[in-house]
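Summary of structural features
Take a look at the letters that make up each chain.
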Amino acid sequence: MPESPISFARGAPAPELVPAQELADCAHAVAQRDGDRVFAYGPGGGYGPLREWVAERHGVAPARVVLTVGGLQGFVFYAAEQLARTPGRVLVEAPTYDRPLKILARDGVEIVALQMDDEGLDPEALGAELQSRDEKPSFLYSIPTFQNPSGRTLSAERRERLVEVVREHGLAVLEDDPYGLVRFEGDPEASLLDLEGGQLVTYTSSFSKTVAPGVRSGYFVLPEADAPAFEERAVSTYISPPFLPQAVVHEFIVRGNFEPNLSHVRSELQARRDAMLTALDANAPGGVSWSHPAGGYFVWLELDGADAKALAADAEREGVAFIPGPGFFAAGSGGGTASARFAYSYETPERITEGVERVMRLLG
Ligand SMILES: Cc1ncc(COP(=O)(O)O)c(C=O)c1O
């Protein structure tokens, strides 16, 4: 049997990081115990007990929480709702998560990319963009913690400053935070939601990285005034979400599995991150640099001018996959040609070391 390709492309947990047996047991228990509710239509905002748990964690009323079919589905609702309310350009980080870029481009939305560095989005670049045009943007989409694709985290000072700028301009913000709990070291940063108070900032996360992506359970914490319209989008799209997986997540939590599982996921991913950084230190040619994430799934590489797409094609022949930088910039912007995203979430430390050695050899 030929060896399977080593994937740094998949921003997904390795199968051994998913607690499948326990989830199966939870599914059986909730289907038997709460079948009347989980197999019926119900509220568009999702399974009540999970909604209440999320609301309590964030210190908000359950009516402000809407459970979605993963975070990305919620992004679609949020963008549609926000663009209808305030038509205009959407501000994003450069680079940013590729799927929202594709969704916005498909819908013909103007995308404006804002500069970021090792400390995350530059609030002064945001301020300058807001000053540069009279029309208000529709919203800012930001991933402040362990960003996809860069692994970078917005510093505490910048969070404060960003919130000041946002308040000054009355700018709506979508804070996307699926990786925040997957922290290996250091203290958690305050969310933009907490700093701003939830008037302008909508917060989203999901259970994809903390429980399993296949439960397709995400959530939104919305400004009070926006929650009913957002929930109505859910109702008019799928009537109500699938309650069984949401109830499974809730059962997993009430059995006391959430925190121990998260500790396991964190330590496994930390070992994978360490393997990637160590292999880069040992093998990357001078001039190549990379981010040092304190959590999440991704390392971002600056390839010292090397063509990332050509490198990805060569790496594929060597049995290693990764995503070249341009995919994380608005199409036609010319960004990311000499950058790459390496995900360490899917492979074992041994295969990560081997994969990094193979790609770096191509650069040397
Ligand atoms: C930044 C970010 N947001 C949202 C998602 C979507 O996650 P899900 O739809 O599984 O909740 C991802 C998935 O990789 C992501 O990286």
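Residues numbered from 1 in each chain as written. Predicted model: local features only at pLDDT ≥ 70, side-chain atom pairs only at ≥ 80, totals over all residues. Heavy atoms only, no water.

Moving on: the overall build of the protein. The secondary structure content of the protein amounts to 13 helices and 14 strands. Relative to its length of 364 residues, the protein is compact, with a C-alpha radius of gyration of 21 Å against a globular reference of 21 Å. Within the protein, residue pairs in contact and separated by at least 24 positions form 75% of the contacts whose partners lie at least 6 positions apart. Here the protein displays about 15100 Å² of accessible surface, and carbon together with sulfur accounts for 51% of that area. For the protein, the centre of its 32 positive side-chain charges and the centre of its 52 negative side-chain charges are spaced 4 Å apart. (Helix = DSSP H or I, 4+ residues; strand = E, 2+ residues; numbered from the N terminus. Rg over C-alpha atoms; globule rule 2.2 N^0.38 Å. Contact = heavy atoms within 4.5 Å. Areas by Shrake-Rupley, 256 points an atom, 1.4 Å probe, with all protein chains shown as cover. Lys, Arg positive; Asp, Glu negative; His and termini not counted. Charge placed at Lys NZ, Arg CZ, Asp CG, Glu CD.)

Time to look at the pairing of strand β8 (residues 201-206). Most of β8 is tucked away: 6 of the 6 residues are buried. Of the two faces of β8, the one carrying V201, Y203 and S205 and the one carrying T202, T204 and S206 are both buried. As judged from the 4 bridges shared by strand β7 (residues 173-176) and β8, these two strands associate in the parallel manner. Across the sheet, D176 pairs through a bridge with T204, a residue of β8. (Buried < 20%, exposed > 50% of the residue type's maximum accessible area, 1.4 Å probe, protein only. Pairing = 2+ DSSP bridges.)

This part covers the side chain of R89. You can see R89 is positioned in the loop between α4 (70-85) and β3 (90-94). In terms of polar contacts, R89 uses its side chain to reach the side chain of E129, at 3.0 Å. From its side chain, R89 meets the backbone oxygen of E135 in a polar contact 2.8 Å long. Residues contacting R89, with those up to four places away along its chain left out, are E110, V112, E129, R133, E135, K136, P137, S138 and F139. (Polar contact = N/O pair within 3.5 Å; in protein donor to acceptor, adjacent residues only side chain to side chain.)

Okay, the pairing of β3 next. Of all 5 residues making up β3, 5 are buried, and the element is well covered by its neighbours. Of the pairings in the sheet, the one linking β3 to strand β4 (residues 111-117) comprises 5 bridges and is parallel in character. Directly across from V92, in β4, lies its bridge partner A113. Crossover β3 to β4 through helix α5 (residues 98-106) is right-handed. Across 3 bridges, the pairing between β3 and strand β6 (residues 139-142) is parallel. (Right-handed = clockwise from strand over helix to strand, strands pointing away.)

Before going further, it helps to spend a moment on the sheet that holds strand β10 (residues 289-290). Ordered by their spatial adjacency, 4 strands build an open sheet running β10-β11-β14-β13, and the pairing between neighbours is antiparallel. Pairing within the sheet leaves two strands with one partner each, and these edge strands are β10 and β13 (323-324). Of the strand pairs in this sheet, β13 and strand β14 (residues 339-343) are connected by 2 bridges, and their pairing is antiparallel. Considered in β14, the bridge of I323 is made with R341.

With that out of the way, let us pick up a negative patch on the surface. A cluster of acidic residues, E119, E157, E160, D187 and E189, forms a negative patch at the surface. With respect to the secondary-structure elements, E157 resides in helix α7 (residues 156-169). (Patch = residues over 30% accessible without salt bridge, like charges linked within 9 Å, V, L, I, M, F, W, Y side chains within 5 Å. Salt bridge = Lys/Arg side-chain N within 4 Å of Asp/Glu carboxyl O.)

Around the ligand, 13 residues are found, and the nearest of them are G71, D176, Y179, S208 and R216. Here an oxygen atom of the ligand sits 2.7 Å away from a polar atom, N or O, in the main chain of G71. Here an oxygen atom of the ligand sits 2.6 Å away from a polar atom, N or O, in the side chain of Y179. Relative to its unbound accessible area of 390 Å², the ligand is 91% covered by the protein chains. In the shell around the ligand, the residues fall into 5 nonpolar, 5 polar and 3 charged. (Near = heavy atom within 4 Å. Nonpolar A, V, L, I, M, F, W, Y, C, P; charged D, E, K, R; others polar.)

Here we come to the packing of aromatic side chains. One pass over the structure, following the stated rule, counts 19 aromatic pairs. These aromatic residues form a ring-pair network of at least three members: W53, Y203, F207, Y219 and F258. The positively charged end of R10 is found above the aromatic ring belonging to Y346, 4.4 Å away from the centroid. (Phe/Tyr/Trp six-rings, centres within 6.5 Å; stacked < 30°, edge-to-face > 60°. Lys NZ or Arg CZ within 6 Å of the ring centre and 35° of its normal.)

Our focus in this paragraph is the environment of A113. Of note, A113 is situated in strand β4. With relative accessibility at 44%, the residue A113 sits in the partly exposed group. Once residues within four sequence positions are removed from consideration, A113 is found in contact with V92 and A94.

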